[in-house]
Amino acid sequence: MPTEPKSLPFSLPPPEAGRVDLLVIAGEHSGDQHAARAVRELTTLRPGTRACALGGPALQAAGAQLLHDMTGTSTIGFAVFSKLSYYRGIIAAAAKWAAEHKPRAVCFVDSSGLNLRIAETMFAAGTSAKGGGSVKALYYISPQIWASRRGRRFAMAKHLDGLAAIFPFEPGVYADTSLPVEFVGHPFVSEDYHAPVRYDAAGPVLLLPGSRRGAVSRIFPILLEAYRLAETGRDATVLYPSDEIRGVLEAANPPPNVRLVEGGSATVAGSAVLTSTGTMSMHCALAGIPGAVTYKTDLLTYFIGRLLVRVENLGIANLLLKEPMYPEFIQGDAKPAALAAQLADAVKNPERAMKAAQHAAQLRELLAHPPTVTIGNWLAGHLG
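Residues numbered from 1 in each chain as written. Predicted model: local features only at pLDDT ≥ 70, side-chain atom pairs only at ≥ 80, totals over all residues. Heavy atoms only, no water.

A. Main features of the sheet that holds strand β14 (residues 291-295). Taken in spatial order, the six strands of this open sheet run β11-β10-β9-β13-β14-β15, and their pairing is parallel. The sheet is open, and its two edges are formed by β11 (258-262) and β15 (328-330), each paired on a single side. Sheet twist, expressed as the average angle between the axes of neighbouring strands with direction ignored, equals 20°. In this structure, strand β13 (residues 272-276) lies alongside β14, joined through four bridges in parallel fashion. Among the inter-strand pairings, L274 is bridged to a residue of β14, identified as A292. Against the sheet, helix α8 (residues 243-251) engages β10 (236-240) and β11, with an angle of about 145° to β10. Along the sheet face, helix α12 (residues 336-348) touches β9 (205-208), β13, β14 and β15 and points at about 145° away from the line of β13. (Pairing = 2+ DSSP bridges. Helix = DSSP H or I, 4+ residues; strand = E, 2+ residues; numbered from the N terminus. Axes fitted to C-alpha atoms, helices over the stretch in contact; angles between N-to-C directions. Contact = heavy atoms within 4.5 Å.)

This is the structure we're talking about:
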């Protein structure tokens, strides 16, 4: 049973309004963005709703009181071990805060390694509704249990009161549990979605190595070499989420025709893309940008991942479409020459662009929310 340490490495401030309806916990940049949209929609539907957050600047801009910025500390694989003390502190502090200030609900957004442990701690402390308390434990953006560690769904059903899924097949994955799961549509096809990328046949190529330091340091040099070998005759654009990641990119000494652009309000055009398998690959798929996906991690993480992951494709667009929109080059296959061939073909072959546009339309249809269910009214329904 989880126990709270005798002293925490930091404390979280109380709600400024003296009360709180919703605590949102989002541990990464993408989760911060999705959570911010949910809070905006909720407060539009229910003006006066008070939200606090462990998240990032997007949640703060959406009107939530930011208790702690989580977006500069996201890690993956065995890099997590270097920050175990920090994450233990977050788990204890978040559970303690919920017990003291009793929001109507806590909404966990993605980041299952952290959030499911907070939910378990709240349950054990008797704070959450499933644990005998008054605080509903809600989850937005399901862990990819359909890809690995499928057995987690039973613990989730024990500790959570509801889950909002962003992929249409996910409710069926939980059908053998007592957890209520609703498909609320994917945030990338919502009306207020601001696409970070768009297709432009005459535009530069995009090199998108991801948002995590370790992965970027491994992937970006491969992308640079692939770009050089492809000889597309076009400049390249690289999007980065933070100054920390920009530093990693600059350490690879990109040439002058490779432009580093901080992701933000502007939409970046691209004629073709080499992207990591993360969030940006879905952005590119929905924009209809032809290209390929790649990923490379440390050998131990990869070896264990191969034992756990039970899907044929790592690119989510490929999984949803059940056909390879983006050829995948993972770990040992992530070689500059192979990626260069894909990049050159994506730029020069018009059939690649036509097929990518067709795939993008299919994805939008698959991911659109049902007529009566959105993340905002799902949250509002649980707040009562």
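B. Region of interest: the packing of helix α7 (residues 213-230) against α8. Direction vectors running N to C along α7 and α8 enclose 25°, while the axes themselves pass 9 Å from each other. With respect to their mutual orientation, α7 and α8 come out roughly parallel. Crossing hand, α7 versus α8: right-handed. Taking contact as the criterion, the partners of R213, V216, S217 and F220 in α7 are, on α8, E244, I245, V248 and L249. When the residues that make up the contact of α7 with α8 are grouped by side-chain class, the tally is five nonpolar, one polar and two charged. (Parallel < 35°, antiparallel > 145°, perpendicular 65-115°, else oblique. Left-handed = near helix turned anticlockwise from the far one by under 90°. Nonpolar A, V, L, I, M, F, W, Y, C, P; charged D, E, K, R; others polar.)

C. Molecular detail of the pattern of salt bridges. Per the stated rule, a full pass over the model turns up eleven salt bridges. The residue E244 makes a salt bridge to R213 at a minimum N-O spacing of 3.6 Å. A residue pair is termed long-range when its members are at least 10 positions apart, and E244 in helix α8 and R213 in helix α7 qualify at 31 residues. The shortest N-O distance in the salt bridge between R352 and D345 comes to 2.8 Å. Look at R352 and you get buried, because its relative accessible area is 18%. (Salt bridge = Lys/Arg side-chain N within 4 Å of Asp/Glu carboxyl O. Buried < 20%, exposed > 50% of the residue type's maximum accessible area, 1.4 Å probe, protein only.)

D. Inspection of the packing of aromatic side chains at higher detail. If you walk through the whole model with that rule in mind, you get four aromatic pairs. Plain terms: the ring middles of Y86 and Y87 are 5.2 Å apart, the flat faces sit at 70° to each other, and that makes the pair edge-to-face. (Phe/Tyr/Trp six-rings, centres within 6.5 Å; stacked < 30°, edge-to-face > 60°.)

E. Representation of helix α5 (residues 152-159). Among the residues of α5, R152, R153, M156, A157 and H159 are the ones counted as buried. Contacts from the buried residues of α5 go to α4 (112-124), β5 (136-140), β6 (162-165) and α6 (170-173).

F. Molecular detail of the packing of helix α1 (residues 29-45) against helix α14 (residues 375-383). At a closest axis distance of 8 Å, the pairing of α1 and α14 adopts a crossing angle of 65°. When the axes of α1 and α14 are compared, the crossing they make is right-handed. Judged by residue contacts, R37, A38, E41, L42 and L45 of α1 engage I375, G376, N377, L379, A380 and L383 from α14. Split by residue class, the contact of α1 with α14 holds seven nonpolar, two polar and two charged.

G. Region of the structure containing the pairing of strand β2 (residues 51-55). Across the five residues of β2, five count as buried, placing the element largely inside the fold. Residues A51, A53 and G55 line one face of β2 and the alternating positions C52 and L54 line the opposite face, and both faces are buried. Relative to β2, strand β1 (residues 22-26) is paired through four bridges, and the arrangement is parallel. Counted as the bridge partner of L22 is A51 from β2. This β-α-β element, β1 to α1 to β2, shows right-handed connectivity. Strand direction decides the pairing type here: β2 and strand β3 (residues 65-69), joined by four bridges, are parallel. The partner of G55 across the bridge, within β3, is D69. (Right-handed = clockwise from strand over helix to strand, strands pointing away.)

H. Region of the structure containing unusual backbone geometry. Even without being glycine, K102 reaches a positive phi, approximately 45°. Note that K102 resides in the loop between α3 (84-101) and β4 (105-109). Phi at E231 is positive, roughly 50°, even though this residue is not glycine. Relative to the helices and strands, E231 resides in the loop between α7 and β10.

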